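What follows is the residue order along each chain.
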Amino acid sequence: MSYNTKFIFVTGGVSSSLGKGIVAASLAKLLQAQGYRVTIQKLDPYINIDPGTLNPYEHGECYVTNDGAETDLDLGHYERFLNVATSQANNITTGRIYQSVINKERKGEYLGKTVQVIPHITDEIKESIQYLANNNEYDIIITEIGGTVGDIESLPYIESLRQMKWEMGENNVVAIHLTLIPYLSAAKELKTKPTQHSVKTLMESGVQADVLVCRTEHEISDSIRDKLARFCNVDTDCVIQSLDVKTIYDVPNHMLSEGLDKVVLKKLGLKSSKPDLSSWNQFLNKYKHPKRAVRIALIGKYIELQDSYKSILESFIHSGAVNEVRVEVIPIHSEHINKDNIAEKLENFNGVLVAPGFGGRGIEGKIESIKHVRLNNIPFFGICLGMQMAVIEFSRNILKLDDANSTEMDLKTKYPVIDIMDDQKKIINKGGTMRLGSWECKLKKNSLVSKIYNCDIIHERHRHRYEFNSEYFKDIEENGMFATGINSDTGLVEIIELKNHPWFVGVQFHPEYKSTVLSPHPLFVSFIAAATKHSNN
Ligand code: GLN
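Residues numbered from 1 in each chain as written. Predicted model: local features only at pLDDT ≥ 70, side-chain atom pairs only at ≥ 80, totals over all residues. Heavy atoms only, no water.

Draft legend 1. Representation of the state of the cysteines in the model. Taken as a whole, this structure holds zero disulfides when the rule is applied. Unpaired in this structure, cysteine 62 has its nearest cysteine sulfur neighbour in cysteine 384, at a distance of 12 Å. We classify cysteine 62 as buried; its relative accessible area is 9%. Lacking any disulfide linkage, cysteine 232 is separated from the closest cysteine sulfur, that of cysteine 214, by 8.0 Å. The class of cysteine 232 is buried, set by a relative accessible area of 0%. (Disulfide = S-S within 2.5 Å. Buried < 20%, exposed > 50% of the residue type's maximum accessible area, 1.4 Å probe, protein only.)

Pasting the structure below:
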């Protein structure tokens, strides 16, 4: 098959966590801003089918696409940078590759052949990459290979890259290698040796890196560039420096000044022009020059890890820029909150967000926080589990349904105000079986949310098993908590609001997955506006 589409691969060397996802997203942004249609794909070498069953401590946030794929959090960066939706095809794991190959083997599709890593696994990997090129939707596909070169588990992916480079030719496939140039303070020197070794490791698999992106804490001198070029077989202008920056949103501009887009396009035989980053830079300008600050408490139970609530934190950056305020997000562990310390814990906050989550650990602290913000008119935003906790708090303290709970936390609760849906009860498998992906929701006229969204029908992404129990619907509404968003297909409650409160919204879905630099999510924007107003009081 021949493709018009061009392929760029991003591999990593020397160390993990160098930010391949951000470099891939920044390059994609620069290409998109020159008129190219670009998408980014992540290949994850682990055996899990998807990260949906992984603990956030293991893998950070699980990101969800419109089509209900539970994916690596890098897809969140791709969407936030490009403002284009991704799908299941943008995240492939080794588990998924093997599952597909084994299914084909069982169906007899290999016609009696011995099924092997080469060619069957590598063919499956190549198909998953080229699949994105099938509908001629994209001019360029950027594929990020997870892990670090030299890892045993990434070998089949590197081999697939080697084959694609060989089969499709130099003008169609470019390999970018992201590496680290460590600084030895004792010697006061930047060291190139780890990069030389990592490029060599890549070459042992038959892949010559075309471009080096070098993460560094200090400027790389011309002589270091020359040295890297000479030892690693790359042109000097293909040694790209990636200095540490204050915000990931600065990286596209840095890559632009280093000419990453130019050298890549030249290698692909494509025209380069000046990228139009005007709206991107408008955002950056607002983000960097806030007029004031607001303090938001993020109440959750995975707060030690900055990646667990990645999309929420990024949504605050987008919505802060719109409001021209700096959003100081202070995480509070819900297990450390109780009746006696709540007033002190939430002192001086202008808004409280109760985070999504699973299981009973720390939920009483979340409920206590919601009671406090409800009684003290502090803007409140509950997401998924956060919304469910708001319903429980209201049921316990206003409806006086003692010990009302979710059946996720207490199977025998007398008042299951949050309950599992009938069609979920039969499900035994944990992976990929929640209510996932985009669902349509109808907003109640004159509600706060209909004003915020400025429309009647919205589409938002879900990832949960439990729901607001409609048996309590009437009681709850009669007492002042309103269901203002209803699922168009199932009739389930997707949004609750409180009357007589400046800003109290709980959503069963995850708005944070849809907030991007160029389309900040309206709920976050409005929540931050309410917090700004609160800070004036
Ligand atoms: N644990 C809850 C459920 O499954 C909420 C999930 C979430 O916050 N994403 O319904």
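Draft legend 2. Focus on the packing of aromatic side chains. Overall, the coordinates contain 16 aromatic pairs when judged by the stated rule. Taken together, a centroid distance of 5.3 Å and an interplanar angle of 80 degrees make the contact between phenylalanine 316 and phenylalanine 524 edge-to-face. Taken together, the residues phenylalanine 316 in helix α12 (residues 310-323) and phenylalanine 524 in helix α19 (residues 522-536) connect sequence positions 208 residues apart. The residues phenylalanine 316 and phenylalanine 524 share a single accessibility class, namely buried. Among the aromatic residues, those joined into a ring-pair cluster are Phe81, Tyr249, Trp280, Phe283 and Tyr287. (Phe/Tyr/Trp six-rings, centres within 6.5 Å; stacked < 30°, edge-to-face > 60°. Helix = DSSP H or I, 4+ residues; strand = E, 2+ residues; numbered from the N terminus.)

Draft legend 3. Structural view of the sheet that holds strand β1 (residues 6-12). One open sheet holds the seven strands; their spatial order is β5-β2-β6-β1-β7-β10-β11, and the pairing between them is parallel. One side of each edge strand has no neighbouring strand; the edge strands of this open sheet are β5 (91-93) and β11 (239-243). This sheet shows a mean twist of 20 degrees between the axes of neighbouring strands, independent of strand direction. Taken together, the five bridges between strand β7 (residues 173-180) and strand β10 (residues 211-216) define a ladder with parallel strand orientation. Bridge assignment links histidine 177 to a residue of β10, and that residue is leucine 212. Together, β10 and β11 form the strand contacts of helix α9 (residues 251-258), whose direction differs from that of β11 by roughly 150 degrees. (Pairing = 2+ DSSP bridges. Axes fitted to C-alpha atoms, helices over the stretch in contact; angles between N-to-C directions. Contact = heavy atoms within 4.5 Å.)

Draft legend 4. The arrangement of the packing of helix α1 (residues 20-32) against helix α3 (residues 74-82) in detail. Where α1 contacts α3, the axes come no closer than 9 Å and their chain directions differ by 25 degrees. Taken together, the axes of α1 and α3 are roughly parallel relative to one another. Every pair of crossing elements has a handedness; the one defined by α1 and α3 is right-handed. On the side of α1, the interface is formed by Gly21, Ile22, Ala25, Ser26, Ala28, Lys29 and Gln32, while α3 contributes Asp74, His77, Tyr78, Phe81 and Leu82. Across the contact of α1 with α3, the residue classes break down as six nonpolar, four polar and two charged. (Parallel < 35°, antiparallel > 145°, perpendicular 65-115°, else oblique. Left-handed = near helix turned anticlockwise from the far one by under 90°. Nonpolar A, V, L, I, M, F, W, Y, C, P; charged D, E, K, R; others polar.)

Draft legend 5. Fine view of the site of the ligand. Looking at the ligand, the residues that line it are Pro356, Gly357, Phe358, Cys384, Leu385, Gln388, Glu408, Arg463, His464, Arg465, Tyr466 and His510. The contact in question runs from a nitrogen atom of the ligand to an N or O atom on the side chain of glutamate 408, over 2.7 Å. For the ligand, an oxygen atom lies 2.8 Å from a polar atom in the backbone of tyrosine 466. Summarising the interface, the protein chains cover 98% of the accessible area of the ligand, which totals 300 Å² for the free molecule. Every element with two or more residues in the shell around the ligand is listed here: α15 (385-397) and β19 (457-464). Here the shell around the ligand is composed, by residue class, of five nonpolar, four polar and three charged. (Near = heavy atom within 4 Å. Polar contact = N/O pair within 3.5 Å; in protein donor to acceptor, adjacent residues only side chain to side chain. Areas by Shrake-Rupley, 256 points an atom, 1.4 Å probe, with all protein chains shown as cover.)

Draft legend 6. A look at the side chain of histidine 510. Here histidine 510 shows up in the loop between β23 (504-507) and α19. Given the relative accessible area of 4%, histidine 510 is considered buried. Among residues more than four places away in sequence, those in contact with histidine 510 are Pro356, Ile383, Cys384, Glu460, Arg461, His462 and Arg463.

Draft legend 7. Up close: helix α7 (residues 193-204). Over its twelve residues, α7 extends 16 Å from the first C-alpha to the last, a length consistent with the 16 Å expected when each residue adds 1.5 Å. Those residues of α7 not exposed but buried are Thr195, Gln196, Ser198, Val199 and Leu202. Along the long axis of α7, the arc covered by the buried residues comes to 165 degrees, so they all point the same way. For α7, the secondary structure elements touched by its buried residues are β1, α6 (155-168), β7, β10 and α8 (222-232). In the stretch just after α7, glycine 206 is the one whose phi turns positive, near 85 degrees. (Expected span 1.5 Å × (residues − 1). Arc of directions from axis to C-beta.)

Draft legend 8. Broad picture of unusual backbone geometry. Here the amide bond leading from isoleucine 118 into proline 119 is cis, since omega sits at 15 degrees, within 30 degrees of zero. For asparagine 83, which is not glycine, the phi dihedral falls at a positive 60 degrees.

Draft legend 9. The sheet that holds strand β17 (residues 416-420), seen in detail. Across the sheet, three strands lie side by side as β16-β17-β20; this open sheet has mixed pairing. Only two strands of the sheet have a single partner each, and these edge strands are β16 (405-406) and β20 (466-468). Of the pairings in the sheet, the one linking β17 to β20 comprises three bridges and is antiparallel in character. Its bridge partner lying in β20, aspartate 419 is registered against glutamate 467. Along the sheet, α15 contacts β16, β17 and β20; its crossing angle with β17, the most-contacted strand, is approximately 150 degrees.

Draft legend 10. Broad picture of the pattern of salt bridges. The final tally for this structure, using the stated rule, is 30 salt bridges. Between glutamate 105 and arginine 106 there is a salt bridge, and its shortest N-O distance comes to 2.8 Å. For arginine 106, a relative accessible area of 66% translates into the label exposed. The residue arginine 215 makes a salt bridge to aspartate 244 at a minimum N-O spacing of 3.0 Å. Of this pair, arginine 215 sits in strand β10 while aspartate 244 sits in the loop between β11 and α9; the two residues are 29 residues apart in sequence, bridging distant segments of the chain. On the basis of relative accessible area, arginine 215 is assigned to the partly exposed category, the value being 22%. Given the relative accessible area of 40%, aspartate 244 is considered partly exposed. Here the residues in one salt-bridge network are Lys42, Asp44, Asp72, Asp74 and Glu144, joined through shared partners. (Salt bridge = Lys/Arg side-chain N within 4 Å of Asp/Glu carboxyl O.)

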